[in-house]
Structures are given as C-alpha cells and as structure tokens.
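Read off the chains here:
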Amino acid sequence: MCRKIIGDKMDLIIGSHVSFTKDTQMIGSIEESLRYGSNTFMFYTGAPQNTRRYNIDDTLTKEAFNMLKDNQINIDNIVVHAPYIINLANDKNYDFNVSFLKQEINRVEKLGVSRLVLHPGSHVGLGEEKGIKNIIDSLNDVVDENTKVNICLETMAGKGTELGCTFEQLKQMIDGVKYNDKIKICLDTCHIHDAGYDLNNFDDVLKTFDKIIGLDKLSVIHVNDSKNSLGSHKDRHENIGYGYIGFDNLLKVIYHDKLKDVPKILETPYIEKCPPYKYEIEMIRNKKFNDHLKEDVVNYK
Ligand code: FE
Ligand code: FE
Ligand code: ZN
C-alpha cells in the first residue's frame, strides 16, 4: 500500500522529522514516515530538549530492519538528531557532553543509522575563538578511527551566540578534528537564510559552500521555510512556501542536480497540533504550491 505512494518517485530522497518512542522505537518512526509518503526520516532517540535516553531494543531494531527492506527505505538515508541542549562550545559541562555524545553515537550505531546531526554549540560569551576550540576539543575526544557514524554539524542561524552560522566557522571546526572524514555538514535552509545566505541565488550559495567546505561534505539537508527575513538570525521555521524563502527557491534546493543523493528532511511546524508533512511532501512531489495547505492539514481526519 505504502509502496504505491513512493512508486516511481524513488529518486527524490525526502522525509520529515518523526517521533521515536520507548515502546515502538524505529518501528513507530517508520510507520509514521510511511503515512507521510516519505522514503526517509529523522528522529531524536529521546526528547530533543533533554538528555534522558531509552536503551535500544535489539528485537525491535531487527523487526525495523525488515520493515525498511519491505518498504524499500535505504537505512543509509535515515538521520538521527542529537539533543540540542548539549553545547560543545561551552567547556563548563565538558565531561558530561563528551560522555553523552559517545553514548549517543553507540545508540545510533546500534540502530544501524549512519548520519547524526549535531548543533555545533553556542559560545555563551566565551567568544568565537574559544567556542570553536571547545567544539574541536570535544569532537576529538569523541571521534576516533573506529567511529562508524558521520557527525553532521548543522549550519546555524546565528541566534544568540550560536556558532556554525558561517561556512568559514564550520570549515574551521572540520579542520580541527583529527579523524575529520567522519565530520560532515547538515545544511538547514531556514538557518542559512536567517544567517544571511540568499536562497534567491542558491547556485552562488552552493558554489561558496563548495569553495569553502567542499560539496562532498554535504550529507543532510533540512528543508524549512523561514518566518523571518534574510539575515534576521531568528531561527523560526515556517511551512514550505509560506515564508520568506518561498516555494520556488526551496524546490530549487530539493531538486538540485548536485544534491540528488543527499536526504532532504522537513522540520516545518505543526499546524494546530497536526503534522503537515504528508501535504508538504505531496506538494513537493507535484512541484505545485498548495495555497490551502494549512486548511488541508487541519481538516485531515
Ligand atoms: Fe537542528
Ligand atoms: Fe535543522
Ligand atoms: Zn532551526
């Protein structure tokens, strides 16, 4: 049944943020993503805002692997997002951050997932240089030659003292890590727009990215519109086509020739507590803006 939704559209690798609960683990995540017509997804292994985490249940994971196969979902395209409260830029909780991140990597590897998105961190007044040094030091303590998962540092909006809001800063972080073949990038369209990169000229942005970091590092794309104007440093996501980036600009990112193999993940806001992803993905596959999307989402039973 679900295979029909995906059908011949297997070329586009698209999904959304989905939930992951203690009792169903990845099985629940897969079921949810199939309801949206996705062929990949992203989840947190617990609540995003805290570091309490469930043990990974091997029986559920095995069952999930079979489900993935049955539904032609490639596990290599699945993404886990690390909780956003760990802040590697602040050395105050250094030991906790490092040990938490190590455990998170273990969980992710146990799940067979290979892409872990991580916010680089906020320097909280320590300054850019010290903040970046702290991030590099922590990553060097976490990543070694045996690390299987790729840590994808996310491009940030530059809210408060957030680091990673320029390609140069991210490049500095990558360069500082010894085993940096394991360090990749997650590009968030809302965040780069809020950081001042103009998606009206996405080809130029991508060229700049390639020159500074290298396109081969681009491993995940978060597709979100933005509630705020270019360079606002706000980080407030909007539904696809309803914000300042706009539908056509986001389509250019999603269907870009050079980004074909990069999973695209929606993290757009729920509408009156209803997930918008089924409708947004439909609109993206149809390449046609749905100007009553928000009503459709709320009215869906
Ligand atoms: Fe994020
Ligand atoms: Fe994001
Ligand atoms: Zn965000």
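Counting of residues starts from 1 at the beginning of each chain's written sequence and follows it residue by residue. To label them, take the chains in the order written and letter them from A, then take the ligands in the order written and number them from 1. With pLDDT at 70 or above as the cut-off, local features in this predicted model cover only qualifying residues; side-chain atom pairs require 80 or more to be listed or tallied, and sums for whole chains, interfaces and linings still use all residues. Water and hydrogen atoms were dropped before computing side-chain values, which therefore reflect all heavy atoms in the structure.

Describing the overall build of the protein chain
And step 1. Only runs of H or I of at least four residues qualify as helices and only runs of E of at least two qualify as strands under DSSP, and these elements are numbered from the N terminus. Of the regular secondary structure elements, the protein chain holds 11 helices and 10 strands.
And step 2. Once the C-alpha set of the protein chain is aligned to its principal axes, its extents read approximately 50 × 45 × 35 Å.
And step 3. Here, two residues are considered to be in contact whenever any of their heavy atoms come within 4.5 Å of each other. Long-range pairs, those at least 24 residues apart, make up 76% of the contacts in the protein chain with a sequence separation of at least 6.
And step 4. Carbon and sulfur atoms make up 47% of the accessible area of the protein chain, which amounts to about 13600 Å² in all.
And step 5. The charge count treats Lys and Arg as positive and Asp and Glu as negative. His and the chain ends do not count. A single reference atom marks each charge: NZ on Lys, CZ on Arg, CG on Asp, CD on Glu. Within the protein chain, one finds 39 positive and 45 negative side-chain charges whose respective centroids are separated by 3 Å. For accessible areas, the Shrake-Rupley method is used with a probe of radius 1.4 Å. Any residue's cover is judged against the shown protein chains and nothing else.

A word on the environment of N50
And step 1. For N50, the location among the structural elements is in the loop between strand 2 (40-43) and helix 3 (58-70).
And step 2. For N50, the residues in contact, after removing those within four places along its chain, are P83 and I85.

Quick look at the coordination of the iron ion (ligand 1)
When a metal carries six donors in an octahedron, the ideal angles between them are 90 or 180 degrees, while four donors in a tetrahedron ideally lie at 109.5 degrees.
And step 1. Coordinating donors are taken to be N, O and S atoms lying within 2.8 Å of the metal, or within 3.2 Å when the metal is Na, K or Ca; because water is excluded from the atom set, some sites may appear incomplete. Those donors, H81 (NE2), H119 (NE2) and E154 (OE), are the protein atoms that reach the iron ion (ligand 1), and they lie 2.1 to 2.3 Å from it.
And step 2. Within one chain, the residues serving as donors to the iron ion (ligand 1) are arranged as H-x37-H-x34-E.
And step 3. A distance of 3.3 Å spans the gap from the iron ion (ligand 1) to the iron ion (ligand 2), which E154 bridges by coordinating each metal. Residue H119 is located in the loop between strand 4 (115-118) and helix 5 (128-142), and its partner E154 is located in strand 5 (residues 150-154); the two are separated by 35 residues in the primary sequence.
And step 4. Exposure categories follow from relative accessible area, calculated using a 1.4 Å probe and restricted to protein chains: below 20% of the type maximum is buried, above 50% is exposed, and the middle band is partly exposed. With relative accessibility at 18%, the residue H119 sits in the buried group.

What to know about the pairing of strand 5
And step 1. Of all five residues that make up strand 5, five are buried, and the element is covered over most of its length.
And step 2. Any two strands with at least two DSSP bridges between them are considered paired. Pairing analysis gives four bridges linking strand 4 to strand 5, with the strands arranged parallel. Directly across from L116, in strand 5, lies its bridge partner I151.
And step 3. Crossover strand 4 to strand 5 through helix 5 is right-handed.
And step 4. Read from strand 5 through helix 6 (residues 167-176) to strand 6 (residues 183-188), the crossover connection turns out right-handed. With the strands pointing away from the viewer, any crossover whose connection runs clockwise from the first strand over the helix to the second is right-handed.

Observations concerning the sheet that holds strand 2
And step 1. Strand order in the closed barrel formed by eight strands is 1-2-3-4-5-6-7-10, with parallel pairing between adjacent strands. Mean inter-strand twist for the sheet, computed between neighbouring axes without regard to direction, equals 30°.
And step 2. When strand 1 (residues 14-17) meets strand 2, the two strands line up parallel, connected through three bridges. Bridge assignment links H17 to a residue of strand 2, and that residue is M42.
And step 3. Of the strands in this sheet, strand 1 and strand 2 are in contact with helix 2 (residues 25-35), which crosses strand 2 at around 130°. To get an axis, a line is fitted to the C-alpha atoms, and for a helix only the part in contact is used. The angle between two axes follows their N-to-C directions and goes from 0 to 180 degrees.

Section: the pattern of salt bridges
And step 1. Any carboxyl oxygen of Asp or Glu within 4 Å of a side-chain nitrogen of Lys or Arg constitutes a salt bridge here. Evaluated as defined, the whole model comprises 10 salt bridges.
And step 2. The salt bridge involving K110 is made with D58; its shortest N-O contact spans 3.8 Å. Residue K110 is found in helix 4 (residues 94-110), and its partner D58 is found in helix 3; the two are separated by 52 residues along the sequence.
And step 3. For K110, a relative accessible area of 44% corresponds to the partly exposed category.
And step 4. D58 gets classed as partly exposed once you look at its relative accessible area, which sits at 47%.

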